[in-house]
Structure formats: C-alpha cells, structure tokens
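# Architecture at a glance
Next come the chains, spelled out residue by residue.
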Amino acid sequence: MAAAESEAEAQQLISRLGKQLKASKTCPNKDSLVKLLKEAVIALGKFKQLKSLNSVIQPLSDSLVKHGMLQHKDKDIRILVATCFCEIIRVLAPDPGFSDDVFRDIFKLLQSIFAETGDYKSPYFSRRVKLLETVAKLNFCVLMLDVGCEDLILKMFKIFFSAVREQHPQSVINAMSSIMARILEDKLEEKDLEPLIFQEKFSEPLLDVILQNLLKESKGGSGGFARLAVSVIQNCNEKLERCICTFLRSCILNRESIGSELKEWYHDILYEIFQSAPQMLVSVIPSLSHELLTDQVDVRIKALNLLRKCFSLPGHKIAEEYHNLFMDFLNRFTDKSAEVRLCALSCGKALYANNPSGTGSSQILTELESRLLDFDDRVRMQAVSIVCDVSRLQIGSVTNELISQVADRLRDKKVSVRKKALQKLLELYQDYCTKCVGDIKMHFEQIPCKILMLCYDKDCKEFRPQSLEYVLAEDLFPVSLSVEERTNHWIFLSSLFTPLHVKALNAILSQKRRLRNALQAYLHLRVNEEEIGSDEMERNTKALFKKMSALFPDPAEAEECFYELNQINDDDIFKMLADLINVGDALSTRDNLLRKIGDQSPLFEFLRLLSSKCLLNIFSSRHVSYILDHLTFDTSVRHTKLDYSPLLLLSAIISAFPSLLRSSEEKFRQLLADKDIPFNEQLIQFLAKEGSNISIRLSDCYNFLERVRLEGTQAEAKLAVSAIAALSDSSEQVIVPNLCKTSCTIKKHSEQCLKSSLTTDANKSANLNLTLSKSADASRIWIEGLQKTSHQEVHSAGTVEVGNESSVDNQHEIHASVISESIMGKERVGSSCDSVATKPALGLNEDFPSCLQERDMNMTYNSNTDKVAKLSTANHKKANLAKENKDKGEASDVEHQQMRASTHYSKRETSGACDSDCEGNSLKKTKFFAEEIPLAENTKKIRRSKVAASKAINVNKDMIAWRTRRQKV
C-alpha cells in the first residue's frame, strides 16, 4: 500500500516537473535546474518497468531535449541528465520512443562522461562509475546497433581503453568489459561471424581494437588496458572465441591472406591469450608444428621463441597436452641452423625450469647432453650455461654423468667455451656448497679437481696458476661458507687428487709464497734504502719487480704498476702491505688499503689483486687445525682412504707455509703418537721434507719414526731416517747411539749372510741379504739427511723472515756456496802464502765414546768383504766345474744352489757398497742378477766396493766429528 502511494506521488512529481520545464521558455538557472533534476532522478528511481508510464514521463523527456540539456557543459547537470535518461530508458524499455537523433545525443553524452572516468581522484568519480554500472546492467548500449551508431560504438571502445587505469577497481573493468562483450556478441550474431570489419568505411574493427590493446602490455606500455582486453576475452562467448581462433590460425597457415596489420604480431597475441584463456587456443597451438617444420629459419626461430615464453608460464603442461608439438620441438635440437639450435636450448631450459619432474624433462636433459658436443662453439657455450643453470634449480636433479660432461668442457678446443664453463661451474659449485652443507656429493667435488687441471692449459692466461690462485681464493666457495665447511670440502677433494692435481696445487701455493717473500724483500729494501747504494737499490728493485710481475696474469702490465707503486711517497700504504704479510688475518688491513688508495685510482685494481695474492686466503692455520682434527679424532672413518688422503693436502699446505702449523703442534704430536694410525708415506715424507722448518722436537716423534724404521717397508724406513735427520737438533743426542745400533745390525747381518752362503738354503740367504740392504740404505739415508740439515743450518743466517715464518723458498734461492770441506768435517786454516790447507776434525773418542764400537764394525766389515772376494773366487772355480759337468749331464743340484746363493750374496754386498758412495748427490739403485752377470765381473765390482765402503765409513766418522766440533763452538 505504501509502495503504491509512493509511486503515485512520484508520478505526480514527474508530471509537475515536466509541466514546469515545458512552461519555461528559457532554461532555468543552475541551482533551480539541479534541484529539479535531483527530484526527477529520485522519482524515476521509484518507477518499475511499465510501458503505460510513457504519458507521464514524456513531458519531462521532451523538455530536457528542448532546453538542450544533452549538450549542457556543467558537470553536475550533465551527470543528472544522463542519469534521468538512463532511468527513462529503463522504465520504457524496450522502446522508449526516442528518435535516432535523440539516441545519438544520449550516447554521445554517456561517452563524454565515461571518458572522464580516467580521473579517479575527481569528486564526481563515484557518480560516473555508478552511471557506468547502470548502463552495463541495463545493456541498452546494444540499441546503438539498431539506430546505426557503429561509429559511436567504435569510439566508445577506444574511450574505454583510453580511460581505464590500473588504479580502477575491478567493478569498473567488469562494467566496461561487459558492455564491449555484449556489443561484440550481438554484432557477430548479426553478421554470422563472417567479417571482422563491420563497415568498409571504418579502418579499425572492434576486434582489432581489443587485440591491439592486448599487445600494449607486451610492448612495455602502462595502464589497465591489458586488464580490460583480457577481461573482454575471458568474458566472450563461444562465437567470439571461434572468431579469434580463426584469425590466429589464418596468420599461422596463410598469413598473406590476412588484411589486418595485426598479422605481424600474431605470436604476441597468441601468447597474451594463452596466459589469460589457454582453453581458447586448444585448436590453435597444434598449428605451430607447421612453423617448426617450415624451411624459413626466421619463422622457425619465431615459433621457438613463442614456445619458450609459453613453456615459462607456471601451471601449463604443453609437453603433456600437445605431445606431437613437443616431439617436433625436440627435433629442433638437431636443426641444421645453429641459430635454431640456440633457440631450442633456451626453450628446453624454460620447459625444464617450469617442471623439473614433469613429462619430457628427461628428454630435455638428453638433448642438452648431446649439444655439449655440438660442432658450433656458440651452441656448446649455451648448452654448458643451461645445464649449470638447471642444475642450480634443484641440486641433485641432474645426473652425475651430465655434470661430468659439462666439467669436461673445461678442456674444450675453444677458449671461449672453456671460459664460460669455468664461470658457470664455479656458480654451480658455490650453490652446491650453500645448499648441501654436510652432504658431500662426489660428482660436484670433481669440479674443483678439473679446475685445477686448467693449470696445464698454456694457450690462455686466464687458466695459468697466476689466475687460478684468485679463483681458488675468491670464487671457489661462497663468502658465507665457514672455514670448517671449506676444509671438509678440501679434505674430500684430496681423496680425488692425482699426482697432477697435487702438482698443480703446489704450483699455485708456491707462487703465492714466492710473491710474499719477494714483496717482503722489496719492503725491506725500502726501509734500508739509505744504507744501500742507489745503484744496488735500483738493481735489486728491478730484479724483484721482474720476479713478482711474472706471478701475475699480465706480467708486463704488472711490472708497470710496480714501478708506479714505487713512486708513491705515502709510507702508510707500504706499511699496510707489510701488515698483509705479517698478520695472519689481514682482511681489515686489505679493506683499509683499498679504501685509502680509492677506487678511482689507476692502481686500485692492481692493488686489489696484489693484496689478494699476499693474503693467506686459500688456506689458513684454521684449515690446518681442522685437517689435524679430522686425522686425529675422526674415528668413524678410521683405516679408510679418505681418512689419510688429507696428509697430501696437509703436506702441500705446510710445505708452502710452515708457519700455519705453529698453532697446531700439539695436535700434530697427538697424530704421531696414535698407534692406531698405520705407517703413511705422506706423513713421513712431510716430516723428512719440512722437519727443519717446523717447531717440533725430535723427541716428540722419535718413537713413531723409530717404529717405522724398524717395522715399516724399505721405502718407509728410508723416509723415517731422513725425517730423523731433518728433525735432529744439536741439543738432542738420541740419534747417535741409534746410528751405531744400525751399524752393529749391519755387522751382524753381514756375518749371518756369510754363513748362509755356505748352506743350501738359498731363500734364507736372500731374505738376510734384503734385510742387510734395508739397514744399510737406512744408515746411508741418515748420513745424507744430516748433510742436508747442515746445509740448511749454514744457510739459516741468510733466511728472510716472512711474518712469523722462516722462508723455505729463500733457502733454495740464496746464492751462497757451501764449502764442501765443512760438510766433510774439515775446516780451513790460513797459511803465510795465502794457500789453503786442511786440518783434520776432532777424533770420535773425544766426545762420543759410544761410537767406538763402529771402528770394530768397520774392521769386521772389511774382513767380511775380503771373505766375499775369496768366496767369489771359489765360486768362479765351481762355476767352471759346473759348466763342464753340465755339458756331460753330471751337474749336482746341491752345488748349483750353493753357487747361486753365494753369488747372490756377492751381488748384495756389491750393491750395498756401491750405493754407499756419498760423494754423489743421489742414490743409484742397481739390480744385479747373478745368473746373468759373469763371476769375473762380479769380482771386479767387489774390489771396487771395498774402496766405496771405506769412503762411506770415513764420511760417517767425519760427519759425526764435524757435528761434535760445531756443538763445542
């Protein structure tokens, strides 16, 4: 009842307002008109759709048209008039009774208001949006098709795309897309889907407007037009979908038949539609196979680029849904064009990255593997890069063999491929170290091993040890990786090392050591410049610059930089360089140095590289400590190759930088004291080589070395004696009685061997001879080790201190000669005629009474040698007799065995005596076979061995006497 009364009141109000406007000869003023229109909008809103209300509404509508309200300039009035006409059309639908001209004016008014919706900050924005939603809801824009307003329709489409903004709410997008979609649907139904252009006189069809705005986002445009275009496509019905698919297929199969300019951009259109409505293109995507198989290279490349973008979209499974297209795509990996193969690799990367475990991923990896051996170096570079990139997506997803084949590209014939492989493998290894903490994977650990092998690449300066030093220090491990984790990786790497790897690592570390020593010598020259003559200063500086420059990737450029650095008068810079060498952890000093020199300085890059080479940034004392912890306390992998392979690494580190062991001597002693550790040649060899350069006393490891000498193999026994000699000190006399003990052992074995030669047990004689040779060799090695130690002690006065370490390198580089007489236990005495005479050294009985036993041994040894000579003569006679008996077939087996055993004894005595000649610098091991050497020749060798044995014993006595005299001094 109340609703009826309200509607009746509204009818009366509309009638009154209509009569009032009709009676007015002129348009009322703004305030009166605004008040009148607001009342009309409220009253019209109360009406239901009813054709009988035409008589009530017509006076008002006629008055609005009469007074030109449709062309009014005021924004308030225009919005109110447009709202009134919308309500009138709603109430009087479907035929409001307006003429075509009135309809055109109404639609023009609406378009002008819609164009202003782009100003989303305007106070009228909400009223304009409400009007837009009303028009979309009523769908009366389709009336524009009935009254021939196609031009206004096209203009309205353009207005929508120009007015829409990213900031607009979704309701605005929905309203606009609803209006356009409805008009398109009705127009396509009217034209029966045939033409895409509504009238010949129009240059742009409605569909082209939508597709052009769909492309603007792909071309880098900004705004909400792409959202609007996508919304229209998503809201289109089946007929519009068929129309779009027909256009795209025509572009793929017969592009020349299309008159639209959009045919040049159909790939981009297809991709944009595939993002928003992939179901629409089910009939279009398979047509791309036609382009993949065409003879035109550019068409194949464009098709692959489209597939690459489609493969990159998450959630889409083209390989599963379009199997035939996927197979045609795989064939492009073997295309005859290198450019097409490059595009296929990019597509494969996109597909695999989108779904690593999906269908077709294994086939993609297979094709990538085949391209690693492509004859075009660009394709190989791309394949290396892509395999490393997809491996980084999920560590472990790529097979071990594929990673190994990528690492093999470090040996590619093209330098560019090797450089790209090095770059990408370093990135991959860093990701592996970060993501797989505590999980060692062998195929990834092969990467640093193969990088080390680049040291043997001579045709590229980036792969020389000078450059690879920076790679190992800065690029191999991620910055965030702890020293402990880095050490774990190095420990595992050492188990994979071959002698070539060890040699390469030693070369890199040796170069770093030599640069540090040379730089310290240069800094020492600068400090003492006033005490050194200018000529000598210039000569020494030039030599040092030449030496240091050779350790840089570009020696000529580095030498120029050294001379420029020498011209700097800022002492703080050279003090910082000295601190880089003397301080163990000098990272802060390096930062201060680079900050002081400034990144604008021409020497900045040179000093950055120089400071990196000066730092102990490949290995530090913490690395050594962790390695010793692993060897000493890690019992879970005891007695395995991995457990003891770090000794190779430890030896390489300490050989280059002995000071790194100084904070871990206790751990090293614990390692030597561990009886569960079997004899290891690397550990003993390390002691023999670096014993004189580390602060470990002989008494700390003598038991271990003595056990090795007595129980180890012949090679281990020699190394143990050399280690004892290297570690021996003047304050420790434990070595002398043991040397005498060894000499007594020689005497004892000599007598046993002589007796055994007269028996028929040839095997027993051979075993005793082997033991004799082992003891004699061990004693001889000790003497040579002692000579080496004395050489190092004579040189110690000329060593250069580097930080807290004694330079090993300078011991080999100082050009001072060592007087041979001092090594042999004699000293120089000046005479009146300036000639040099020799003075015998002190006798053994003055300070070493325990060694008197050695004289008895020497006498016994000479006696045994005479016996051997006599025995050899007897054997010679027996051999002649055996030969005659053999010809007659009457030789005795017992006599033949005795002859072979005694001859073998003669052979061992001859070999031991010859090897005892200490005047040579190296041991010459000669194998004699008694069955093949005539006995007469053997007898001659025995005679020579007597002289050699006498020399060896004299050297032994003189050496001990020399050490005694040196101790007293």
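Just so it is clear, the model here is predicted, and its values are computed rather than measured. (Residues numbered from 1 in each chain as written. Predicted model: local features only at pLDDT ≥ 70, side-chain atom pairs only at ≥ 80, totals over all residues. Heavy atoms only, no water.)

### Regarding the overall build of the protein
Helix and strand counts for the protein come out as 45 helices and four strands. Within the protein, the fraction of its 969 residues that count as buried is 51%. For the protein, the proportion of contacts with a sequence separation of at least 24, taken over those separated by at least 6, is 72%. About 45900 Å² of surface is accessible on the protein, with carbon and sulfur atoms providing 50% of the total. (Helix = DSSP H or I, 4+ residues; strand = E, 2+ residues; numbered from the N terminus. Buried < 20%, exposed > 50% of the residue type's maximum accessible area, 1.4 Å probe, protein only. Contact = heavy atoms within 4.5 Å. Areas by Shrake-Rupley, 256 points an atom, 1.4 Å probe, with all protein chains shown as cover.)

### Focus: the layout of surface pockets
One number sums up the size of the second largest pocket: a volume of about 560 Å³. Lining of the second largest pocket is provided by 22 residues; of these, S467, P553, D554, R608 and L609 occupy positions nearest its centre. Those elements that place two or more of their residues in the lining of the second largest pocket are α22 (415-435), α24 (465-475), α28 (555-566) and α31 (604-614). The dominant element in the lining of the second largest pocket, judged by the number of residues it contributes, is α24, at five residues. (1 Å grid on protein atoms, 1.4 Å probe; cavity = no way out; pocket = protein on both sides within 12 Å on 5 of 7 lines; lining within 4 Å. Points joined across faces, edges and corners; volume = space filled by probe spheres on them.)

### Some thoughts on the side chain of S625
The topology assignment puts S625 in helix α32 (residues 621-633). Ignoring sequence-local partners within four residues, the contact set of S625 consists of S664 and K667.

### Some points on the pattern of salt bridges
Going through the model one piece at a time under the given rule, you end up with 37 salt bridges. Here E116 makes a salt bridge to R78, at a shortest N to O gap of 3.5 Å. Separated by 38 residues along the polypeptide, E116 in the loop between α5 (100-115) and α6 (125-138) and R78 in helix α4 (residues 75-92) bring together distant segments of the chain. Residue E116 is classed as partly exposed on the basis of its relative accessible area of 24%. With a shortest N-O distance of 2.8 Å, K450 and D408 are connected by a salt bridge. Taken as a pair, K450 in helix α23 (residues 442-452) and D408 in helix α21 (residues 400-408) lie far apart in primary sequence, 42 residues in all. (Salt bridge = Lys/Arg side-chain N within 4 Å of Asp/Glu carboxyl O.)

### Side note on α22
Because the α-helix completes a turn every 3.6 residues, residues three or four places apart line up on one side. Compared with an ideal rise of 1.5 Å per residue, which puts 21 residues at 30 Å, α22 spans 30 Å between its outermost C-alpha atoms and is within 8% of the ideal. Those residues of α22 that sit buried are V417, R418, A421, L422, K424, L425, L426, L428, Y429, D431, Y432 and C433. (Expected span 1.5 Å × (residues − 1).)

### Observations concerning the confidence of the model for the protein
On average, residues of the protein score 74 in pLDDT, and 70% of them reach the 70 mark or higher. Helix α42 (residues 820-823) is the least confidently modelled element of the protein, averaging 29 in pLDDT, while helix α20 (residues 377-393) averages 94, the highest of any element. Contacts for the low-pLDDT stretch residues 193-203, under 50 throughout, to residues beyond four places or in other chains number 17 contacts. Throughout residues 886-941 the model reports pLDDT below 50, and contacts reaching past four residues in sequence, or to other chains, amount to 81 contacts. (pLDDT = per-residue confidence, 0-100.)

### So, the environment of A543
By secondary structure assignment, the location of A543 is in helix α27 (residues 534-549). In sequence terms A543 and Y522 are 21 residues apart; their C-alpha atoms lie 9.8 Å from each other.

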